[in-house]
Each structure stands twice: as C-alpha cells, then as structure tokens.
Amino acid sequence: MEELETVCSYHPGRPTTLRCNRCGRPICARCARRTPVGYRCITCVREQQKIFDTAYWYDFPVAFLAAALVCGVGSILGSFIGFFILFVAGFAGMLAARVVNWAVRHRRNRFLWIAAAAGGIAGSLPIMIPTLVMGLLSYEELGAAGLATLGFGLLWPLGYMVVAVVFLISNMKGFRLK
Ligand SMILES: [Zn+2]
Ligand SMILES: [Zn+2]
C-alpha cells in the first residue's frame, strides 16, 4: 500500500492528495499555486506566464520613452493652469498608457509597467528644474522664505507627477497580471 501513495512531483518525500488542474501532476500544498482557475503546478504557471510575456527587450526603452514624452508634454501644458494641472495629469497618465501600449504593439510583460512608470517620472521632472534652479540661485537673498516659496512652487509639478504616474500604471495592461 505504501508504494501507491501519491507524492508531490517536486518533493518525492511528501505525500499529497492535491493535483494540478491543468496537467494532473500531484503537487503538495507548498508547490500549489492558486490561480483564478484553480490550483496549478509551478511548471504550468510558468508556461502560462510565457504566453503573457510577449514583449521584446526593446519594448522596455520604448515604453520608457513614450511615457516620458507624453508626461513631459502634459507637464508643460499643465504648468499654465494651476490647480487644473491635476486633471491634465490624469488625462496625460491615461494617454501615456495608451501611447505606450500602441508603441510596443500591444505586446505584454509583467514588468513593462515599471519601465512606463519610470518614464512617466522622468518626463515629469524637467518642468521642476527652472523652479529648483531659481530657488537655489536666489537662496542667498531670500533665505528660508525663499525656500518656502520654492517648495510651494514644486507642489503642482509634484502633484502632477504622482497623479500622472498613478493613472499611467493603473491603465497599463500587464499591471493586473501578476
Ligand atoms: Zn501542471
Ligand atoms: Zn512539493
């Protein structure tokens, strides 16, 4: 009877009654991966991910540049309108995600959203440079008050960056696939 006991395919010493619902391989509780369609073995989960990871290596710099461009243009447009910059930011983030998906020809990768988010941050930074430089140059004359003004001047661009990147990430296709 001992020999008939089912053991985990990855751990020969571990008896189990659980099976992968795709290939039928016996798996122990530790090897089982919970997926939306039931418990699967590690091999099947990996194979499934390969189908989703269709992006080429150059899709990462492309995603970065596309997101940087859209977020950069948005931050310049937004800098003229004060509070409404946050609406522009949301729109720019969504648009950036669309442009990124188009630029990589809708190929996917679980990590592509990171490249896009980094691009969004990089693209939102240049608009802050004039404020920073001015603040630093006038620091001698203005002192602490000057620094406070500088901090306030950076609030909108910073808010823009956060909102744009959040919208960008949440609109990236691969983001939901973990
Ligand atoms: Zn399996
Ligand atoms: Zn196991």
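Cut-offs applied
Residues numbered from 1 in each chain as written. Chains lettered and ligands numbered in written order. Predicted model: local features only at pLDDT ≥ 70, side-chain atom pairs only at ≥ 80, totals over all residues. Heavy atoms only, no water. Donors = N, O, S within 2.8 Å, 3.2 Å for Na, K, Ca; no water. Tetrahedral: all angles 85-135°; square planar, octahedral: opposite > 155°, others 65-115°. Buried < 20%, exposed > 50% of the residue type's maximum accessible area, 1.4 Å probe, protein only. Patch = residues over 30% accessible without salt bridge, like charges linked within 9 Å, V, L, I, M, F, W, Y side chains within 5 Å. Areas by Shrake-Rupley, 256 points an atom, 1.4 Å probe, with all protein chains shown as cover. Salt bridge = Lys/Arg side-chain N within 4 Å of Asp/Glu carboxyl O. Helix = DSSP H or I, 4+ residues; strand = E, 2+ residues; numbered from the N terminus. Contact = heavy atoms within 4.5 Å. Core = buried A, V, L, I, M, F, W, Y, C linked by side-chain atoms within 4.5 Å.

Colleague: Can you lay out the coordination of the zinc ion (ligand 1) for me, pointing to particular residues and giving the numbers?
Modeller: Around the zinc ion (ligand 1), the donor atoms from the protein are Cys20 (SG), Cys23 (SG), Cys41 (SG) and Cys44 (SG), and they sit 2.3 Å away. For the zinc ion (ligand 1), the four donor atoms are set out with angles of 105 to 115 degrees between them, so the coordination reads as tetrahedral. Spacing between the donor residues of the zinc ion (ligand 1) along the chain follows C-x2-C-x17-C-x2-C. Judged by its relative accessible area of 3%, Cys20 falls in the buried class.

Colleague: Explain a nonpolar patch on the surface to me, using residue names and the numbers behind them.
Modeller: Among the surface-exposed residues, Ile76, Phe80, Ile81, Phe83, Phe84, Phe87 and Trp156 lie close enough to one another that they form a single nonpolar patch of about 790 Å² accessible area. Residue position: Phe83 is located in the loop between helix H2 (59-78) and helix H3 (85-103).

Colleague: Tell me about the side chain of Asp59, and please be specific about residues and values.
Modeller: Assignment of secondary structure puts Asp59 in helix H2. Those residues within four positions of Asp59 in sequence are excluded, and the remaining contacts are Val104, Arg107 and Leu112.

Colleague: I'd like a rundown of the coordination of the zinc ion (ligand 2), residues and numbers included.
Modeller: With distances of 2.0 to 2.3 Å, the protein atoms coordinating the zinc ion (ligand 2) are Cys8 (SG), His11 (ND1), Cys28 (SG) and Cys31 (SG). Classification of the site at the zinc ion (ligand 2) as tetrahedral follows from its four donor atoms and the range of 98 to 116 degrees in their angles at the metal. Site description for the zinc ion (ligand 2): donor spacing in sequence, C-x2-H-x16-C-x2-C. A relative accessible area of 2% places Cys8 in the buried class.

Colleague: Tell me what's going on with the nonpolar core, and back it up with residues and numbers.
Modeller: Membership of the largest hydrophobic core comes to 19 residues, with the highest contact counts inside it found for Ala63, Val100, Ala116, Tyr160, Leu168 and Met172. Taken together, the elements giving at least two residues each to this core come down to H2, H3, helix H4 (112-124) and helix H6 (139-170). No other element matches H3, which puts six residues into this core. With residues up to four places along the chain from it excluded, the contact list for Met172 reads Ala97, Val100, Asn101, Leu112, Trp113 and Ala116.

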